[in-house]
Amino acid sequence: GAVVSQHPSRVICKSGTSVKIECRSLDFQATTMFWYRQFPKQSLMLMATSNEGSKATYEQGVEKDKFLINHASLTLSTLTVTSAHPEDSSFYICSASKGWPGGDQPQHFGDGTRLSIL
Amino acid sequence: DAKTTQPTSMDCAEGRAANLPCNHSTISGNEYVYWYRQIHSQGPQYIIHGLKNNETNEMASLIITEDRKSSTLILPHATLRDTAVYYCIVRSNRDDKIIFGKGTRLHILP
C-alpha cells in the first residue's frame, strides 16, 4: 500500500526557532501533497496544498510567510514553521495521493509531527 | 465540496458490527464518498471510498443509498482497536483537497 512518512515525529524547541518538517512518499510519486494542522480535541484543518515544482496554495487565514512550503521533488515536501511561538504548537500532518489530480485515488496520511514551542 | 453530517459519538459492543451513518444530501454527481479514521495521536487512516455502488474491502463495507444522499460504513466485527474518530468526507475528482468535518467518535465496549 501507499506509505507516507513524516519526520520528525515530535519536536520541542524554544520560541523564535524555525522548525522544518519533512513529508515523504516512500513508494510512489506525488505531484501534490497537503499539509494539515490539528489542535487538541479538534478536527484536522487544511493549511495548504503543496505542488511539485511550483508555489504552494494556502487556505484562507494561513500565513504563507509563516508556514513555508517547498515541494522540490515528487517524493518530498517540507513545511517550515518560521519564528515559531507557543501558539504554533500543534499536531502537523501531511498527506499525498498516488494518482494524478482528478482521479479518485485516496489520500494517504503521515503519522504526524507534534510540535511544542516553549 | 458537499458537507457531511455525522453523529458526534457512538458506542458498539466488541464483536458486533459497527454501523456508522453519514448524511451528504447535497452531494453532486462527480463527488465520491470517502471514509477515514483517526486513532488517537496518529495520522488519519484511509478505510474505503465509493461513488454509487456498494464497496467492500478487508477493513469495511460501504453502503451508499440509491439517491446517494447518505451512506453507512460497516465494520463487520468491531474490536477494541477500532476505537477511533471516523470521518465521512465527500470529495470531487476535480479537486484533490480533503476537508475534514468533526467525525464520529466510536467507542468499542469490551
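Further up the page is the structure itself.
Analysis parameters
- Residues numbered from 1 in each chain as written.
- Chains lettered and ligands numbered in written order.
- Predicted model: local features only at pLDDT ≥ 70, side-chain atom pairs only at ≥ 80, totals over all residues.
- Heavy atoms only, no water.
- Core = buried A, V, L, I, M, F, W, Y, C linked by side-chain atoms within 4.5 Å.
- Buried < 20%, exposed > 50% of the residue type's maximum accessible area, 1.4 Å probe, protein only.
- Helix = DSSP H or I, 4+ residues; strand = E, 2+ residues; numbered from the N terminus.
- Contact = heavy atoms within 4.5 Å.
- Buried area = accessible area lost by both parts, 1.4 Å probe.
- Salt bridge = Lys/Arg side-chain N within 4 Å of Asp/Glu carboxyl O.
- Polar contact = N/O pair within 3.5 Å; in protein donor to acceptor, adjacent residues only side chain to side chain.
- Phe/Tyr/Trp six-rings, centres within 6.5 Å; stacked < 30°, edge-to-face > 60°.

A. Up close: the nonpolar core. Among the nonpolar cores identified, the biggest contains 25 residues, and Trp35, Phe67, Leu79, Tyr92 and Leu115 of chain A are the most heavily contacted of them. Taken together, the elements giving at least two residues each to this core come down to β2 (10–13), β3 (19–25), β4 (32–38), β5 (45–51), β7 (67–73), β8 (76–81), β9 (90–97) and β11 (113–117) of chain A. Apart from residues no more than four positions distant in its own chain, Leu79 of chain A is found in contact with Val19, Lys20, Ile21, Trp35, Phe67, Leu68, Ile69 and Tyr92 of chain A. Formed by 21 residues, the second largest nonpolar core is a distinct cluster that contains Ala18, Val33, Trp35 and Ile48 of chain B.

B. Main features of the interface of chain B and chain A. Counting residues at the interface gives 20 residues for chain B, matched by 22 residues for chain A. Three residues, Asp96, Lys97 and Phe100 of chain B, lead the burial of chain B against chain A; their summed loss comes to 30% of the area buried on that side. Our count for the chain B to chain A interface comes out at 1 salt bridge. Between Lys97 of chain B and Glu59 of chain A there is a salt bridge, with the nearest N and O atoms lying 3.2 Å from each other. Across the contact surface, chain B and chain A share 8 residue pairs in polar contact (both at pLDDT 80 or more).

C. A look at the packing of aromatic side chains. Following the criterion strictly, the structure yields 9 aromatic pairs over all chains and no others. With a centroid separation of 5.0 Å and 85° between ring planes, the pair formed by Tyr87 of chain B and Phe100 of chain B is classed as edge-to-face. With Tyr87 of chain B in strand β8 (residues 84–92) and Phe100 of chain B in the loop between β8 and β9 (104–109), this pair connects stretches of sequence that are 13 residues apart. Exposure class is identical for Tyr87 of chain B and Phe100 of chain B. Each is buried. One aromatic cluster is present, formed by Tyr36 and Phe109 of chain A together with Tyr36, Tyr46, Tyr87 and Phe100 of chain B through successive ring pairs.

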